[in-house]
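A closer look at the structure
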Amino acid sequence: DVKVTQSSRYLVKRTGEKVFLECVQDMDHENMFWYRQDPGLGLRLIYFSYDVKMKEKGDIPEGYSVSREKKERFSLILESASTNQTSMYLCASRLPQGAEYGYTFGSGTRLTVV
Amino acid sequence: EDQVTQSPEALRLQEGESSSLNCSYTVSGLRGLFWYRQDPGKGPEFLFTLYSAGEEKEKERLKATLTKKESFLHITAPKPEDSATYLCAMSTSGTYKYIFGTGTRLKVLA
């Protein structure tokens, strides 16, 4: 089975800190995604990467950046954490778009910014 | 605008009481419709992909169906362990991203 591993289940950070969320997948998937999930708003796409060193903005990229130096790893960076970035962050990966398999998600990182 | 709407927001069933969850969508160029199960504090788990109207997929007590405007997730004789949030999502032509609904929270009482 494909595994997507997120480095932390829970994080508490202070306002203004730079925060790194790490995601690693083990099945050679080209496409990787970062979503945040908030009650009543569902999953919203922050950034995605369709290949190494390639990235595209999603629907809510403001305040975030990403890095994909290796195929298996996709990092989400909060440049200066703010309280409105308190959320559940979900990483996902999948095969290229031509094959319509579902995403495989990680277990999520619950981030609290105080 | 492409959109996915799920109903109801929440559903409580007695064990063994069958029901259906709805996912209606408006999209130009549907490539696939997906169902996921999400347990509290965890990431969504893939259940099904449906590609065209009339298609059906089954897994244990779950059956997903697709029409041109909506998808249903039928739950037959549910058990308490089926309690979770069920999400639907769709992929469309010309984009990498999926569009997610906000989910249906299902609670099955023993």
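What comes next is a walk through the structure. Model, not experiment: these values are computed from the prediction.

Analysis parameters
- Residues numbered from 1 in each chain as written.
- Chains lettered and ligands numbered in written order.
- Predicted model: local features only at pLDDT ≥ 70, side-chain atom pairs only at ≥ 80, totals over all residues.
- Heavy atoms only, no water.
- Disulfide = S-S within 2.5 Å.
- Helix = DSSP H or I, 4+ residues; strand = E, 2+ residues; numbered from the N terminus.
- Buried < 20%, exposed > 50% of the residue type's maximum accessible area, 1.4 Å probe, protein only.
- Contact = heavy atoms within 4.5 Å.
- Buried area = accessible area lost by both parts, 1.4 Å probe.
- Salt bridge = Lys/Arg side-chain N within 4 Å of Asp/Glu carboxyl O.
- Polar contact = N/O pair within 3.5 Å; in protein donor to acceptor, adjacent residues only side chain to side chain.
- Nonpolar A, V, L, I, M, F, W, Y, C, P; charged D, E, K, R; others polar.
- Pairing = 2+ DSSP bridges.
- Axes fitted to C-alpha atoms, helices over the stretch in contact; angles between N-to-C directions.
- Core = buried A, V, L, I, M, F, W, Y, C linked by side-chain atoms within 4.5 Å.
- Phe/Tyr/Trp six-rings, centres within 6.5 Å; stacked < 30°, edge-to-face > 60°.

Another aspect to go through is the state of the cysteines. Here, disulfide denotes a covalent bond that connects the sulfur atoms of two cysteines. Residues and elements named next belong to chain A. With the rule as written, the count across this model stands at two disulfides over all chains. For Cys23, the disulfide goes to Cys91, at an S-S distance of 1.9 Å. Of note, the bridge from Cys23 to Cys91 carries an S-S torsion of about -75° and is left-handed in sense. Residue Cys23 is found in strand β3 (residues 19-25), and its partner Cys91 is found in strand β9 (residues 87-94); the two are separated by 68 residues along the sequence. For the residue pair Cys23 and Cys91, the accessibility class agrees, reading buried in each case.

Right, let's get into the interface of chain A and chain B. If you look at the interface, chain A gives 25 residues, while chain B gives 22 residues. Roughly 1800 Å² is buried in total at the junction of chain A and chain B, and carbon and sulfur atoms are behind 53% of that figure. Connecting chain A to chain B are zero salt bridges. Where chain A packs against chain B, one counts seven residue pairs in polar contact (both at pLDDT 80 or more). Listing elements by their share of the side of chain A that touches chain B, those giving two or more residues are β4 (31-38), β5 (42-51) and β9 of chain A. Per element, the largest residue contribution to the side of chain A that touches chain B is five residues, and it comes from β5(A). When the residues that make up the side of chain A that touches chain B are grouped by side-chain class, the tally is 12 nonpolar, nine polar and four charged.

Residues and elements named next belong to chain A. When you line up the elements, Ser65 lands in strand β7 (residues 64-70). Spatially, the C-alpha atom of Ser65 lies 14 Å from that of Met32, the residues being 33 residues apart in sequence. Apart from residues no more than four positions distant in its own chain, Ser65 is found in contact with Tyr47, Ser75, Leu76, Ile77 and Glu79. Of note is the side chain of Ser65, whose polar atom sits 2.5 Å from the side chain of Glu79.

Let us now look at the sheet that holds strand β7 (residues 62-66) of chain B. Residue and element names in this part refer to chain B. Ordered by their spatial adjacency, five strands build an open sheet running β1-β3-β8-β7-β6, and the pairing between neighbours is antiparallel. Two strands lie at the open edges of the sheet, namely β1 (3-7) and β6 (56-59), each paired on one side alone. For this sheet, the mean angle separating the axes of adjacent strands, direction not counted, is 15°. One ladder, built from five bridges, connects β7 with strand β8 (residues 70-75); its direction is antiparallel. Counterpart to Ala64 in the pairing with β8 is Leu73.

Further remarks concern the sheet that holds strand β1 (residues 4-6) of chain A. Residues and elements named next belong to chain A. Taken in spatial order, the four strands make up an open sheet running β1-β3-β8-β7, and their pairing is antiparallel. The sheet is open, and its two borders are formed by β1 and β7, each paired with just one other strand. Each neighbouring strand pair of the sheet contributes to a mean axis angle of 20°, computed without reference to strand direction. Note that β7 and strand β8 (residues 73-78) share five bridges and pair antiparallel. Residue pairing for β8: Ser67 is matched across the bridge by Ser75.

With that settled, consider the nonpolar core. Formed by 23 residues in total, the largest nonpolar core has its most connected members in Trp35(B), Leu73(B) and Tyr86(B). Counting residues per element, the ones that place at least two in this core are β2 (10-14), β3 (19-26), β4 (30-38), β5 (45-50), β7, β8, β9 (84-92) and β11 (104-109) of chain B. In terms of residues, this core owes the most to one element, β9(B), which gives four residues. For Leu73(B), the contacting residues outside a window of four places in its chain are Ser19(B), Ser20(B), Leu21(B), Trp35(B), Phe48(B), Leu62(B), Lys63(B), Ala64(B) and Tyr86(B). Counting 20 residues, the second-largest nonpolar core is a separate cluster that includes Trp34(A), Tyr47(A), Leu76(A) and Leu78(A).

This paragraph deals with the packing of aromatic side chains. If you walk through the whole model with that rule in mind, you get 14 aromatic pairs over all chains. Pairing Tyr36(B) with Phe46(B) gives two aromatic rings, centres 5.9 Å apart and planes at 70°, and the pair type is edge-to-face. In this pair, Tyr36(B) is assigned in strand β4 and Phe46(B) in strand β5, connecting sequence segments 10 residues apart. Judged by its relative accessible area of 0%, Tyr36(B) falls in the buried class. With a relative accessible area of 33%, Phe46(B) lands in the partly exposed category. An aromatic cluster is defined as three or more aromatic residues linked by ring pairs; in this entry it consists of Phe33(A), Tyr35(A), Phe48(A), Tyr103(A), Phe105(A), Phe34(B), Tyr36(B), Phe46(B), Tyr98(B) and Phe100(B).

No statement about biological role is implied by the geometric values presented.
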